[in-house]
Amino acid sequence: MPPVGPVTYRLGREADMVTCLGVWRAAVDDYQGRLNQPPMPEETGPLRRHLVHLLATDPDRFWVAEVERTEGAAAGPWLVGFAMATVRDGLWYLAMLFVLPAVQGRGIGAGLLDRAQAGRDMPAGVPAVPGPDNAFDTRIHTWGMATDTAQPISNGLYARRGMVPRLPIWRLAGEPTRWSALPALPASLEAVSFDAIAANGHEGPRRLADVVDGIDREVIGLTHQADHEFLRRDGRAGFLVRERGGRVLGYVYGSTTGRIGPVAALDPDLLPSLLGVAIRHTPILGTAGVWVPGSADPAIRALLEAGLHFDRFPGLLCWSRPEMPFARYLPINLAMV
Ligand SMILES: CC(C)(COP(=O)(O)OP(=O)(O)OC[C@H]1O[C@@H](n2cnc3c(N)ncnc32)[C@H](O)[C@@H]1OP(=O)(O)O)[C@@H](O)C(=O)NCCC(=O)NCCS
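Quick caveat, the model's predicted, so the values are computed rather than measured. (Residues numbered from 1 in each chain as written. Predicted model: local features only at pLDDT ≥ 70, side-chain atom pairs only at ≥ 80, totals over all residues. Heavy atoms only, no water.)

Where helix α9 (residues 297-306) is concerned, the buried positions are P298, A299, I300, A302, L303 and A306. Its buried side turned inward, α9 meets β6 (164-174), α8 (271-281), β11 (288-293), β12 (309-319) and β13 (329-330). Phi turns positive one or two residues past the end of α9, at G307, with a value near 115°. (Buried < 20%, exposed > 50% of the residue type's maximum accessible area, 1.4 Å probe, protein only. Helix = DSSP H or I, 4+ residues; strand = E, 2+ residues; numbered from the N terminus. Contact = heavy atoms within 4.5 Å.)

Taken together, 21 residues form the shell around the ligand, and within it G105, G107, G109, A110 and R160 come nearest. Within the contact set of the ligand, a nitrogen atom lies 2.9 Å away from a backbone nitrogen or oxygen of L97. One of the side-chain N or O atoms of Q104 is found 3.4 Å from an oxygen atom in the ligand. When the free accessible area of the ligand is taken as 960 Å², the share hidden by the protein chains comes to 71%. Of all the elements in the fold, those that place two or more residues in the shell around the ligand are α1 (17-34), β4 (91-99), α3 (108-118) and α4 (152-159). Counting residues per element, the shell around the ligand draws most heavily on α4, which supplies six residues. Residues that form the shell around the ligand fall into these classes: 12 nonpolar, seven polar and two charged. (Near = heavy atom within 4 Å. Polar contact = N/O pair within 3.5 Å; in protein donor to acceptor, adjacent residues only side chain to side chain. Areas by Shrake-Rupley, 256 points an atom, 1.4 Å probe, with all protein chains shown as cover. Nonpolar A, V, L, I, M, F, W, Y, C, P; charged D, E, K, R; others polar.)

Moving on, we come to the pairing of strand β9 (residues 248-254). In summary, the side chains of a regular strand alternate between the two faces of the sheet. Taken across its seven residues, β9 has seven buried, putting it largely inside the fold. Strand direction decides the pairing type here: strand β8 (residues 237-243) and β9, joined by six bridges, are antiparallel. Bridge pairing links V241 to G250 in β9. Between β8 and β9, which pair antiparallel and follow one another directly, the connecting turn spans four residues, one of which, G245, has a positive phi of 70°. As paired strands, β9 and strand β10 (residues 263-265) are joined by three bridges and run antiparallel to one another. From the neighbouring strand, Y251 faces β10, where its bridge partner is A264. (Pairing = 2+ DSSP bridges.)

The subject of this paragraph is the side chain of T282. Mapped onto the elements of the fold, T282 is located in the loop between α8 and β11. Among the residues examined, T282 registers a relative accessible area of 6% and is labelled buried.

This part covers the environment of G276. Assignment of secondary structure puts G276 in helix α8. Separated by 92 residues in sequence, G276 and A184 place their C-alpha atoms 6.3 Å apart.

On to the sheet that holds β9. Reading across from one edge, β7-β8-β9-β10-β13 is the order of the five strands in this open sheet, with antiparallel pairing throughout. The sheet is open, and its two borders are formed by β7 (189-193) and β13, each paired with just one other strand. As paired strands, β10 and β13 are joined by two bridges and run antiparallel to one another. Bridge pairing in β13 places V263 opposite L330. Sheet strands touched by α8: β7, β8, β9, β10 and β13. Its angle to β9, the strand with the most contacts, is close to 45°. (Axes fitted to C-alpha atoms, helices over the stretch in contact; angles between N-to-C directions.)

Quick look at the nonpolar core now. Residues F82, M84, W92 and Y251 are the most contacted members of the largest nonpolar core, which totals 74 residues. Each of domain 1 (4-140) and domain 2 (172-319 + 326-330) gives at least three residues to this core. Counting residues in each nonpolar core, the second largest holds 29 residues, with V277, I279, V290 and L303 among its members. (Core = buried A, V, L, I, M, F, W, Y, C linked by side-chain atoms within 4.5 Å. Domains from an automatic or database assignment.)

This is the structure in structure tokens:
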């Protein structure tokens, strides 16, 4: 590796985003290439939009690491790693942590993680403590992230801090061929689009936010309205499922690009029908893809039965507490609950 000086850490900004995506690609392709996996897709638009959203909601949890290159034409600060995390209603969640292969194993990942855990106010050299006793932000009660099963380094780094890999999360992808596995709603239930609710009078947007917050509170124990707004801006279409004229039972997002989720169900047995709503109501150009935690078994069985397949290695959900909210909830993706 090129000679480098000491590591400095600073808050990241939007202008760093393209460089950070380069670090992400180099770090992932390095270890996945050694496992004979294909390189990451060229298209990074959706990921960049996600990261810009996370920077807007959590600007003090986006950190970059730089080292001083001491020789050659490119002498000067060199961005070699970054971390991004969010806090939603007491859940701290790591979105991204990547370090260039040339400088891995020197404590840079740990230094970034310290800062993303603690936010802007961390006293130097003292790591934040996962769990209810953390010294820096007592509003945080749970710490989590999704990792790759094929990555012992990141899993080890997080588990030593109390965020233990507890639950597999699989990407299921493909074209549904057996529609009966994702059944249409029974006559007693109806699906209503988020857009229709939001467009219903000047109270519509607030009514939609209230009902979605209510489901999120009950199913995952937190609200994350900013993420819902981002999903809708980003082209995902949401649907509520409710008893006709009555109780709301869950929601699901679909999109014409095939990305499905998040999905929340008061009763896990409703997950197959919720997935059916997304697939029937949003014409998909290409294949469908959805991240499904291992504890959401009705969803896994239904999607396999419908003809989708497990895609690549599973991820692992690492969580600081033994109880996890994923039997009734399929997250947005690996970077956002
Ligand atoms: C994961 C990553 C960000 C870590 O950054 P890094 O700068 O290499 O990590 P650090 O040097 O700070 O720390 C690595 C830790 O992993 C530990 N580790 C390494 N191999 C391990 C193993 N097989 N089992 C358990 N722990 C292991 C090291 O002992 C070290 O911990 P320590 O310093 O407390 O001893 C970096 O390696 C990377 O970008 N990897 C590829 C992409 C990736 O997987 N990112 C995470 C996505 S969730």
